[in-house]
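So the chains spell out like this:
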Amino acid sequence: AQSVTQPDIHITVSEGASLELRCNYSYGATPYLFWYVQSPGQGLQLLLKYFSGDTLVQGIKGFEAEFKRSQSSFNLRKPSVHWSDAAEYFCAVGAYNFNKFYFGSGTKLNVKP
Amino acid sequence: SAVISQKPSRDICQRGTSLTIQCQVDSQVTMMFWYRQQPGQSLTLIATANQGSEATYESGFVIDKFPISRPNLTFSTLTVSNMSPEDSSIYLCSVPDPGTGAYEQYFGPGTRLTVT
């Protein structure tokens, strides 16, 4: 069965520090992987996606993610966090042919001044 | 990409009543999806709405409780029927990329429902 695990519920980092948010997935075929961000009171915004090819993908707002098939992971990274990055981040896997998405439980990011 | 609007943005309803949420997309799309996000939780797919056919519901969701309409390729409604406090959630609609048909989904801003 498809599933997505985000082991960190809350993360706090200082502004300017680097960030890595973890995501592990379980999926029986080639996964389509996504990271979304949800700011308070807002909908979900797509940060980046992986379908195939280069396993290091670049997204908006300076984020990147690396697909590691051997580890079933798709971790999100940012070299220097800004206060405006404080939000909740969701990892998702898309089911081929059916457009169904399975979301992780989310990671809330707090940014200290 | 797609621009999606939802109405209402929020509402407070009494238990036992029903609320219909509207989702409007700026492009024609075959599929539309409805999700529920309970407080502090992740998103759970309620159903997939295809124009011209009945919606397909996920396990744990039934048509009597969450009837869906899809009258055309840019619009859908989700009704939350006979509401209870457990229905207090954010309800979001989403669509696949209308231009490429690729698998990323674009989300509306959500409807925040509180049931008292």
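What you see is a predicted model; the values in this text were computed from it and never measured.

Taken as a whole, this structure holds five salt bridges over all chains when the rule is applied. Residue Arg77 of chain A is joined to Glu66 of chain A by a salt bridge in which the shortest nitrogen-to-oxygen separation is 3.2 Å. With Arg77 of chain A in strand 9 (residues 73-78) and Glu66 of chain A in strand 8 (residues 64-68), this residue pair connects regions lying 11 residues apart in the sequence. The exposure class of Arg77 of chain A is partly exposed, given its relative accessible area of 22%. Taking relative accessible area as the criterion, Glu66 of chain A reaches 22% and is therefore assigned partly exposed. In this structure, Lys65 of chain B and Asp87 of chain B form a salt bridge, with 2.6 Å as the shortest nitrogen-oxygen distance. You can see Lys65 of chain B sitting in the loop between strand 6 (56-57) and strand 7 (68-72) and its partner Asp87 of chain B sitting in the loop between strand 8 (75-80) and strand 9 (89-96), a full 22 residues away along the chain. Accessibility expressed as a relative area gives 5% for Asp87 of chain B, which makes it buried.

Another aspect to go through is the packing of aromatic side chains. To describe a pair of aromatic rings, one takes the distance between the centres and the angle between the planes. Applying the stated criterion to the full structure yields 18 aromatic pairs over all chains. Ring plane angle 25° and centroid distance 4.5 Å describe the contact between Tyr50 of chain A and Phe67 of chain A, whose orientation is recorded as stacked. With Tyr50 of chain A in strand 6 (residues 44-50) and Phe67 of chain A in strand 8, this residue pair connects regions lying 17 residues apart in the sequence. The exposure classification of Tyr50 of chain A matches that of Phe67 of chain A, with both residues buried. Pairing Phe61 of chain B with Phe66 of chain B gives two aromatic rings, centres 5.6 Å apart and planes at 65°, and the pair type is edge-to-face.

Of the residues lining the interface, 19 residues belong to chain B; the matching set on chain A comes to 21 residues. Taken together, both faces of the contact between chain B and chain A bury some 1,700 Å²; the carbon and sulfur share is 56%. The largest per-residue losses of area from chain B upon contact with chain A belong to Tyr103, Glu104 and Phe107 of chain B, which jointly make up 36% of the total buried on that side. Inspection of the chain B/chain A interface yields zero salt bridges. The tally of links from chain B across to chain A stands at three residue pairs in polar contact (both at pLDDT 80 or more). Of all the elements in the fold, those that place two or more residues in the side of chain B that touches chain A are strand 4 (31-37), strand 5 (43-50), strand 9 and strand 10 (105-107) of chain B. Sort the elements by how many residues they give to the side of chain B that touches chain A and strand 4 of chain B lands first, with four residues. Looking at side-chain class alone, the side of chain B that touches chain A contains 11 nonpolar, five polar and three charged residues.

Moving on: the state of the cysteines. This structure, assessed with the given rule, holds two disulfides over all chains. There is a disulfide in this structure between Cys23 of chain A and Cys91 of chain A, and the S-S distance comes to 1.9 Å. Classification of the bridge connecting Cys23 of chain A and Cys91 of chain A rests on its S-S torsion, roughly -65°, and on that basis the disulfide is left-handed. Placement of the pair is Cys23 of chain A in the loop between strand 3 (19-21) and strand 4 (24-26) and Cys91 of chain A in strand 10 (residues 87-95), with a sequence separation of 68 residues. Taking relative accessible area as the criterion, Cys23 of chain A reaches 0% and is therefore assigned buried. Between Cys23 of chain B and Cys93 of chain B runs a disulfide, and the two sulfur atoms are separated by 2.0 Å. Its S-S torsion of about 75° marks the bond between Cys23 of chain B and Cys93 of chain B as right-handed, since a negative value means left-handed. In this pair, Cys23 of chain B sits in strand 3 (residues 19-25) while Cys93 of chain B sits in strand 9, placing the two residues 70 residues apart along the sequence. Take Cys23 of chain B and Cys93 of chain B: they sit in the same class, and that class is buried. Distance from the sulfur of Cys13 of chain B, which forms no disulfide, to the nearest cysteine sulfur (Cys93 of chain B) is 17 Å.

Conventions used here
- Residue numbers run consecutively from 1 along every chain, following the written order of its sequence.
- Chains carry letters and ligands carry numbers; both start at the beginning, A for chains and 1 for ligands, and go up in the order they are written.
- Local features in a predicted model are, by the rule used here, given only for residues with pLDDT of at least 70; side-chain atom pairs are given and counted only at 80 or more, and totals for whole chains, interfaces and linings are based on all residues.
- Heavy atoms throughout the structure, all of them, feed into the side-chain values; hydrogens and water do not.
- Throughout this description, the term salt bridge denotes a Lys or Arg side-chain nitrogen within 4 Å of a carboxyl oxygen of Asp or Glu.
- Put simply, DSSP marks the helices as runs of H or I at least four residues long and the strands as runs of E at least two long, and each gets a number from the N terminus on.
- The cut-offs for exposure are 20% and 50% of the maximum accessible area for each residue type, with area from a 1.4 Å probe on protein chains only; residues under the lower value are buried, those over the upper are exposed, and the others partly exposed.
- Paired rings are identified among Phe, Tyr and Trp, the last through its six-membered ring, by centres lying within 6.5 Å, and are further divided according to the angle between planes into stacked (under 30 degrees), edge-to-face (over 60) and tilted (the rest).
- In this analysis, two residues are considered to be in contact whenever any of their non-hydrogen atoms come within 4.5 Å of each other.
- Simply put, the buried area is the total loss of 1.4 Å probe accessible area from both parts when two parts are fitted together.
- Pairing of N or O atoms within 3.5 Å defines a polar contact, subject to two protein rules: one partner must be a possible hydrogen donor and the other a possible acceptor, and residues neighboring in sequence count only if both atoms are side-chain atoms.
- By the convention adopted, Pro, Cys, Tyr, Trp, Phe, Met, Ile, Leu, Val and Ala count as nonpolar, Lys, Arg, Asp and Glu as charged, and the other residues, Gly among them, as polar.
- Cysteine sulfur atoms that come within 2.5 Å of each other are treated as a disulfide pair.

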